[in-house]
Amino acid sequence: MRNILIIGIGAGNPDHMTVEAIEALNRADILFIPDKGEEKVALRTLREAICARFIRKPGYRSVPVAIPRRAEAGNDYHGVVDDWHERIADRYRALFEAELQEGQTGALLVWGDPALYDSTLRIMERVAASGLGLDWQVYPGISSVQVLAARHRIPLNTIGAPILITTGRRLTAGFPADQDSVVVMLDGEQTFGKIDPAGLDIWWGAYLGTSDEILRAGPLSELSAEITEVRAKARARHGWIMDTYLLRRRPA
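Treat the numbers as computed from the prediction; the structure is a model and nothing was measured.

A short note on the sheet that holds strand S1 (residues 2-8)
Reading across from one edge, S3-S2-S4-S1-S5 is the order of the 5 strands in this open sheet, with parallel pairing throughout. In the strand order of this sheet, the two ends are held by strand S3 (61-66) and strand S5 (134-139), each with one partner. Taking each pair of neighbouring strands and ignoring which way they run, the sheet shows an average axis angle of 25 degrees. For strand S2 (residues 30-35) and S3, the ladder comprises 6 bridges, and the chain directions are parallel. Pairing of isoleucine 30 across the sheet is with arginine 61, part of S3. Packing against the sheet, helix H4 (residues 120-129) makes contact with S1, strand S4 (105-110) and S5, and its axis sits at approximately 170 degrees to S5.

Spelled out as structure tokens, the structure:
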């Protein structure tokens, strides 16, 4: 059996690495480092910096993993994502077979937390289902949602009430009528600017946990245009952006 450690590395600050995650890093024989091209070179660089800072044993080896681009979703979002995951699984399987001997341990460094809007765990299931002898363990990380709440110094929920964590794609239908607090991730279309802002407050953050962190908070009606402009400028400057936000219905 080949063993894979799936390690959550937090939202961008190496100080957010847990002791458990650091110990897992030091058990790995090979580090598989996702590479999404020059546009997102900063994400690869941070993973490399984490390895250099926390791995104590000399001579550890890292292997880049070229992650294929996802096709435009169009009207078949699930089909496009399914195809994308299959192509990534093929890459991982080929690299595991070529680089990792039976009995050895590899590690994947996952941005944020592997269980929250990340598909690494589903992809590992595909690799294992293909017949490759594979086992894996998961080490949670600090998510951008947690960092967002910490930076704004707010609880995610109101007293005794639930929160909904969803995507920008789901928010296009409008703010859910049965919810008071909604965390939105993976919103590349600035959906917060396309819904009725009446009675809603927003807590927004980009590049959370990094030196480039940007925060805005206040009534959605007053901040929607500003956040859209700030976001566009930041993305043009860095070539990529990761952001998330909390929308909350204002008490009557």
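Focus: unusual backbone geometry
Unusually for a residue other than glycine, tyrosine 117 sits at a positive phi of about 45 degrees. The topology assignment puts tyrosine 117 in the loop between S4 and H4. The exposure class of tyrosine 117 is partly exposed, given its relative accessible area of 38%. The phi angle at tyrosine 207 is positive, at roughly 50 degrees, despite the residue not being glycine. Mapped onto the fold, tyrosine 207 is located in the loop between strand S8 (200-206) and strand S9 (214-219). With a relative accessible area of 2%, tyrosine 207 lands in the buried category.

A look at a nonpolar patch on the surface
Taken together, the side chains of Tyr117, Ile163, Ile165 and Leu186 present a nonpolar region at the surface, about 330 Å² in accessible area. The topology assignment puts leucine 186 in the loop between strand S7 (181-185) and S8. For leucine 186, a relative accessible area of 55% puts it in the exposed group.

Observations concerning the packing of helix H3 (residues 77-99) against H4
Between H3 and H4, the least distance of the axes is 9 Å, while the angle of their chain directions is 60 degrees. Considering the angle they form, H3 stands oblique to H4. Handedness of the H3/H4 crossing: right-handed. Residues Asp82, His85, Glu86, Ile88, Ala89, Tyr92, Arg93 and Phe96 of H3 pack against Arg122, Ile123, Met124, Arg126 and Val127 of H4. Broken down by class, the residue content of the contact of H3 with H4 amounts to 7 nonpolar, 1 polar and 5 charged.

Rules used throughout
- Residues numbered from 1 in each chain as written.
- Predicted model: local features only at pLDDT ≥ 70, side-chain atom pairs only at ≥ 80, totals over all residues.
- Heavy atoms only, no water.
- Pairing = 2+ DSSP bridges.
- Helix = DSSP H or I, 4+ residues; strand = E, 2+ residues; numbered from the N terminus.
- Axes fitted to C-alpha atoms, helices over the stretch in contact; angles between N-to-C directions.
- Contact = heavy atoms within 4.5 Å.
- Buried < 20%, exposed > 50% of the residue type's maximum accessible area, 1.4 Å probe, protein only.
- Patch = residues over 30% accessible without salt bridge, like charges linked within 9 Å, V, L, I, M, F, W, Y side chains within 5 Å.
- Areas by Shrake-Rupley, 256 points an atom, 1.4 Å probe, with all protein chains shown as cover.
- Salt bridge = Lys/Arg side-chain N within 4 Å of Asp/Glu carboxyl O.
- Parallel < 35°, antiparallel > 145°, perpendicular 65-115°, else oblique.
- Left-handed = near helix turned anticlockwise from the far one by under 90°.
- Nonpolar A, V, L, I, M, F, W, Y, C, P; charged D, E, K, R; others polar.

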